[in-house]
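Chain by chain, the residues:
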Amino acid sequence: MKLDIERVRADFPILLRQIHDKPLIFLDSAASSQKPLPVLQAMEAAYRQCYANVHRGVYTLSEEATCSYEAARDKVASFINARAREEVIFTRNTTEAINLVAYTWGRANIGPGDRILLTEMEHHSNIVPWQVLAQERGAELVYLPVTDDGRLQMDRLDDLLDERVKLVAVTMMSNVLGTITPVREIVRRAHAIGAVVLVDGAQGVPHLPVDVQDIGCDFLAFSGHKMCGPSGIGVLYGREALLEGMPPFLGGGDMIRRVELHRSTWNDLPWKFEAGTPAIVEGIGLGAAVDYLEGLGMEAVAAHERETVAYALERLAALPGMRILGPPAEARGGVVAFTFRDIHPHDLAHLLDLEGIAVRAGHHCAQPLHKRLGLVATTRASFYLYNTPQEADRLAEALEKAARILGKAG
Amino acid sequence: MDDLYREHILDHYAHPRNRGRLEAPDIIADADDPSCGDQVHIEIALDPEGRIAQVAFEGEGCIVSMASASIFTEHIKGKSLEELASLTEEEVLAMLDAPVGSNRRRCALTPLTALRAGLRTYPKNPSSDG
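Residues numbered from 1 in each chain as written. Chains lettered and ligands numbered in written order. Predicted model: local features only at pLDDT ≥ 70, side-chain atom pairs only at ≥ 80, totals over all residues. Heavy atoms only, no water.

Engineer: I'm lost on the sheet that holds strand S13 (residues 322-324) of chain A in this one. Help?
Structural biologist: Residues and elements named next belong to chain A. On the basis of which strands lie adjacent, the open sheet formed by 4 strands has the order S13-S14-S17-S16 and antiparallel pairing. The two strands at the open ends of the sheet, each matched to only one other strand, are S13 and strand S16 (360-362). When the angles between neighbouring strand axes are averaged without regard to direction, this sheet yields 30 degrees. Contacts from helix H12 (residues 298-317) reach S13 and strand S14 (335-340), with the element oriented near 145 degrees to S13. (Pairing = 2+ DSSP bridges. Helix = DSSP H or I, 4+ residues; strand = E, 2+ residues; numbered from the N terminus. Axes fitted to C-alpha atoms, helices over the stretch in contact; angles between N-to-C directions. Contact = heavy atoms within 4.5 Å.)

Engineer: Help me understand empty space enclosed by the protein, please; the structure alone is not making it clear to me.
Structural biologist: Rolled over the atoms, a probe with the dimensions of a water molecule shows which regions are left empty. Residue and element names in this part refer to chain A. Taken as a whole and assessed by the stated rule, the structure comprises 1 cavity of 30 Å³ or more. Of the voids in this model, the largest cavity is the one considered here, and its volume is about 40 Å³. Surrounding the largest cavity, Ala-102, Tyr-103, Arg-107, Pro-129, Val-132, Leu-133 and Glu-136 form its lining. Among the elements of the structure, helix H4 (94-109) and helix H5 (128-137) are those that each provide at least two residues to the lining of the largest cavity. Residue contributions to the lining of the largest cavity peak at 4 residues, all from H5. By residue class, the composition of the lining of the largest cavity is 5 nonpolar, no polar and 2 charged. (1 Å grid on protein atoms, 1.4 Å probe; cavity = no way out; pocket = protein on both sides within 12 Å on 5 of 7 lines; lining within 4 Å. Points joined across faces, edges and corners; volume = space filled by probe spheres on them. Nonpolar A, V, L, I, M, F, W, Y, C, P; charged D, E, K, R; others polar.)

Engineer: Would you explain the interface of chain A and chain B in this entry?
Structural biologist: Interfaces are often sized by the accessible area lost when the parts come together. Counting residues at the interface gives 15 residues for chain A, matched by 20 residues for chain B. For the pair chain A and chain B, the two sides together bury roughly 1,500 Å², of which 61% comes from carbon and sulfur. On inspection of chain A and its partner chain B, the count reaches 1 salt bridge. Between Arg-104 of chain B and Asp-347 of chain A there is a salt bridge, and its shortest N-O distance comes to 3.0 Å. At the boundary of chain A with chain B, the tally comes to 6 residue pairs in polar contact (both at pLDDT 80 or more). Those elements giving two or more residues to the side of chain A that touches chain B turn out to be helix H13 (345-354) and helix H15 (389-407) of chain A. (Buried area = accessible area lost by both parts, 1.4 Å probe. Salt bridge = Lys/Arg side-chain N within 4 Å of Asp/Glu carboxyl O. Polar contact = N/O pair within 3.5 Å; in protein donor to acceptor, adjacent residues only side chain to side chain.)

Engineer: Help me understand helix H4 (residues 89-96) of chain B, please; the structure alone is not making it clear to me.
Structural biologist: Quick reminder: α-helices carry 3.6 residues per turn. Residues three or four places apart thus point the same way. Residues and elements named next belong to chain B. Regarding H4, the residues found buried are Val-92, Leu-93, Met-95 and Leu-96. Relative to the axis of H4, the buried residues are bounded by an arc of 150 degrees and lie together on one face. Looking one or two residues beyond H4, the residue adopting positive phi is Asp-97, at roughly 55 degrees. (Buried < 20%, exposed > 50% of the residue type's maximum accessible area, 1.4 Å probe, protein only. Arc of directions from axis to C-beta.)

Engineer: Explanation requested: the pattern of salt bridges in the structure shown.
Structural biologist: Between side chains of opposite charge, pairing is possible as soon as their charged atoms come close. All names here are of chain A. In total, this model carries 41 salt bridges over all chains according to the counting rule given. The residue Arg-380 makes a salt bridge to Asp-28 at a minimum N-O spacing of 3.3 Å. You can see Arg-380 sitting in strand S17 (residues 378-382) and its partner Asp-28 sitting in the loop between strand S3 (25-26) and helix H2 (37-49), a full 352 residues away along the chain. By the burial criterion, Arg-380 is buried, and Asp-28 matches it. Taking the shortest distance from any N to any O, the salt bridge between Arg-315 and Asp-393 comes out at 2.7 Å. Here Asp-393 lies in helix H15 and Arg-315 lies in helix H12, a separation of 78 residues in the sequence. Overall, Arg-315 belongs to the partly exposed group, its relative accessible area being 24%.

In structure tokens, the structure reads:
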């Protein structure tokens, strides 16, 4: 089913805003997406009508809050097709989910001489936790290279996958190149040598239909705020057997079964990894975001983005001096990073903002990838379910205008 | 309407003043911002009274940081080290004579960041690696 784009846009009140007297064109959803009314309403209703701490009270409000919060977990589990709700751990965001794995599974399973295989297109959040772990454990990081057009060099994978590799951590979709990676194939080959696979779904889960059983990954990390939900809530999916075997992450309330003065025992999954009062209303908001996306259908969301991005790529590529990073439309998601003439990304983003267009300028938390591509910074326009081909036209026109304004400088 | 990219800003970017290096600098000042790649390198030679006799800069970056470096080097000529040390961020922004919003302050202040780093190491011999 095709997205009814006008109805979708009407669900996002922020899209009515004017920026510098121009209608907002929001092209930074890869950093954080906007929120639809059902999410805002669910969160407001939670605060207004059924707010209390969860998992403890016997009184009605606490029971209602617990039910709503735990229902969100069921929704997330079904959204990614987890086998069981116990496999869905709520975290703050993708970064915390990856750190959770590094600090618990990693410390217990990675030793001197072991290798962790990453790719050159990873976000800093899927590099730095492994650097910390590798330094602490005497392990080594190795990287699957990217091609000049921004794909993974899959023909190098088997060479790199030797018996020293204990973990493979790979993004599902590059936040700079937009490249959708063959995670299913990577998982298959990594499992063949006995490695565990963590998939960074921060960009993938908001934009693509995701089935963890089909992908076969051991862990999947993603954030609520990039998928129409609130900030402060994210997800770590983990295979139950692995989660059961892992020591806890943070210690405190809720994650324990019994506490004595000198020792404690741990709560069951998933709460073993959720110490302290969680982001209750944010969790409920994430549940509403999942309902919203499922109501539209992730196939329809992905198809809309493919169409919009294909148009945007064609439109932008026609501008003289445009260099678009990453593969052609059929191999990418909603992210389009580029350099334009010799204009510095900060200047470009500034001039686009004057036209009401929000894009990101910088290294997008992927410095090693930029270095690989011989760049320091790029401008990134990222499209989501509420963006239109007309907005891509406006972007192209604004870029031409920026070139005219700065032409005086050249 | 924001008009940061005024004629004189674009002119300083296209035709930077004091661009280059000095024969014998007394102070070498560097700043870089890995998040956007802006780099400013300033060299200063003092006269016998300890005032800025010559100044030159090199760098790479956005229009705001490069124009700011050009304007900054024009303004600091003839000043004493004490005057340099007491330069405030607001004074540097005022030199630009263009509206710098909070989102571009860091770009505009890159030359001041460099200068302050350079003054911290003075009067040790300047390193020559640039």
